[in-house]
Amino acid sequence: MQFKDLVDKDFFKDILDNCNNGINIADINGRVVFSNKVSASYVGEQPESMVGKMITDFYPKAVLLSVLKYKHLIHDKEIHHVGGKKYMLNSFPIFMKGKFVGAYSIFKDVNDIDALDKKIKTLELQRMLNSTESDFVSIIGKEGSLNEVLKSAKKTVGSLAGPRHSIIIGESGTGKTMLAKMIHSYAIKVGVLNKNAPFVEVNCAQYTNPDIAAVEIFGSEQGAYTGARQKKGLFEQANGGILFLDEAHALDQYQNILLKAIESGKIRRVGGSKEINVDVIIIAASTKNLKNELLPELYQRLAQYELTLPSLQERSLDEKIDLLNYFVKKYENAVIKNRNIKFKVILSPLCKDVLLKAHYPRNIRQMRDVINLSIDAASPLISEIHDGEEIIAHVELEHLPFELFNEHISNERNSIKNNIINSHIESVIDELSRQGLGPRKISKILEAKGYNIEYYKVAYHLKKKKSVP
Ligand SMILES: Nc1ncnc2c1ncn2[C@@H]1O[C@H](COP(=O)(O)OP(=O)(O)OP(=O)(O)O)[C@@H](O)[C@H]1O
Ligand SMILES: [Mg+2]
């Protein structure tokens, strides 16, 4: 007997049962002729008990019905089925010897795919919001506080005498990584580096074990230590491009090897004897003054240009306004692109004022994060929006993170700490909040009762309560 002779009805039934998709076959009257296990499991049935009954008993909105009516196939139709489950479906008419006898559907539960798609979109949105600029065009302050430093930055790679190593100093979040990336793209733009020149980033503070650091930075040869493989280090990977040594004050005992590599243009892998030529521009960044941290010879080699970025506090109010508008626009654009909705952010004047006057120890990065969080707080959830919808996020004081709010309130002369809200008013506020009223409504009701308490003070009280465990 040949294999093809084994292929009988039961054989195909087994295959259909083991298939990952749901399958229904119905006759021209819409009665189930066959449903596989997956289809039955979607509706909590056994396949045998579905046979002979109407398909609509199990799938009230079965697309198959329309195939039975019009005798046309339906391809990749997304349907919403009872219970909120979503299926992607193909449905086909069945003809036997030219006669129309019924229809079948093959469908897949796409809820998992949907959830995954949403997750990917969210990750993509996060990436867009947190991305670091890498071109000189989008940088805020290019005509202001960063004017001089940007000119020097261009010179590091664009001067007639050829590219030089450089140092970038600035407090955390002032744009050091951004500036290094800009130097890289500028070097490519002016042809000092070729189009695919690498930008390799090393955080020198990440290595607690100096031997691992050496292998990572300089590479290793097979057998250099037990289990060692032949491996290119980051230095070699940066060949022909830029090696960005972030937190360079943590270079420690590698300073000598680094100095040698810079002076000779050659490195040696750990455990190797061969010298390898490397042509790398080094940018070292730090929050500390590297003059006090590095060996004088190494410092001198790297500090051919020393670029210092100002803290956010040192920037003008106009620049802070530009930064604020820039991050708001960036959020809007990311959401519009990612979520397929119309999206606008409106900051209340008071909220803007607080955002601009706040103290940000982690500088521009922190300001960016605070703006993003506040817009998050004022926006609906993903599950509440629909394609093409128009959404306006009104950002009010109560949407700001608690610390900022706190700072603002304690800066106020008529502060809440002066017991403007006494325990009686507190209990009224708590009661109204329990009834589901927001700070604005509560403030209005209090006003009608003769207590003049601004809404943001009410919001402060409620937030403070929430933050006390
Ligand atoms: N002048 C600017 N214009 C626009 N965006 C900026 C500016 N300066 C910084 N940013 C943005 O602020 C964020 C933080 O910048 P970056 O990561 O470069 O700071 P950093 O000094 O490297 O911080 P860290 O010390 O934490 O490594 C990035 O998203 C960057 O794009
Ligand atoms: Mg950085």
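Okay, so let's go over this structure. None of the values given here were measured: they were computed from a predicted structure.

About the cut-offs
- Residues numbered from 1 in each chain as written.
- Chains lettered and ligands numbered in written order.
- Predicted model: local features only at pLDDT ≥ 70, side-chain atom pairs only at ≥ 80, totals over all residues.
- Near = placed C-beta within 6 Å.
- Nonpolar A, V, L, I, M, F, W, Y, C, P; charged D, E, K, R; others polar.
- Domains from an automatic or database assignment.
- Helix = DSSP H or I, 4+ residues; strand = E, 2+ residues; numbered from the N terminus.
- Buried ≥ 20, exposed ≤ 12 C-beta atoms within 10 Å, placed from the backbone.
- Pairing = 2+ DSSP bridges.
- Axes fitted to C-alpha atoms, helices over the stretch in contact; angles between N-to-C directions.
- Parallel < 35°, antiparallel > 145°, perpendicular 65-115°, else oblique.
- Left-handed = near helix turned anticlockwise from the far one by under 90°.
- Contact = placed C-beta atoms within 7 Å.

1. Structural notes on the site of ligand 1
Then comes step 1: Close contacts around ligand 1 come from 18 residues, with I140, G175, K176, T177 and M178 the closest.
Then comes step 2: Considering only residue class, the shell around ligand 1 consists of five nonpolar, nine polar and four charged.
Then comes step 3: Here the shell around ligand 1 spans two domains, since at least three of its residues come from each of domain 2 (147-309) and domain 3 (317-467).

2. Focus on the environment of C19
Then comes step 1: Within the secondary structure layout, C19 lies in the loop between α2 (9-18) and β1 (22-27).
Then comes step 2: Residue class for C19 comes out partly exposed when judged on the 14 C-beta atoms lying within 10 Å of it.

3. Some words on the pairing of strand β11 (residues 281-286)
Then comes step 1: Most of β11 is tucked away, with six of its six residues classed as buried.
Then comes step 2: The alternating pattern of β11 places I281, I283 and A285 and I282, A284 and S286 on opposite faces, both of which are buried.
Then comes step 3: Relative to β11, strand β6 (residues 166-169) is paired through four bridges, and the arrangement is parallel. Along β11, the bridge assignment pairs I169 with S286.
Then comes step 4: In the sheet, strand β8 (residues 242-246) pairs with β11 via four bridges, with the strands oriented parallel. Bridging from a neighbouring strand, L245 pairs with A284 of β11.

4. Considerations on the packing of helix α17 (residues 423-434) against helix α18 (residues 439-448)
Then comes step 1: The interhelical angle for the contact between α17 and α18, taken along N-to-C directions, is 135°, at an axis separation of 10 Å. The pairing of α17 with α18 is recorded here as oblique in orientation. For α17 against α18, the interelement crossing comes out right-handed. Listed contacts from α18 to I425, V428, I429, L432 and S433 of α17 are I442, I445 and L446.
Then comes step 2: Residue composition of the contact of α17 with α18, by class: seven nonpolar, one polar and no charged.

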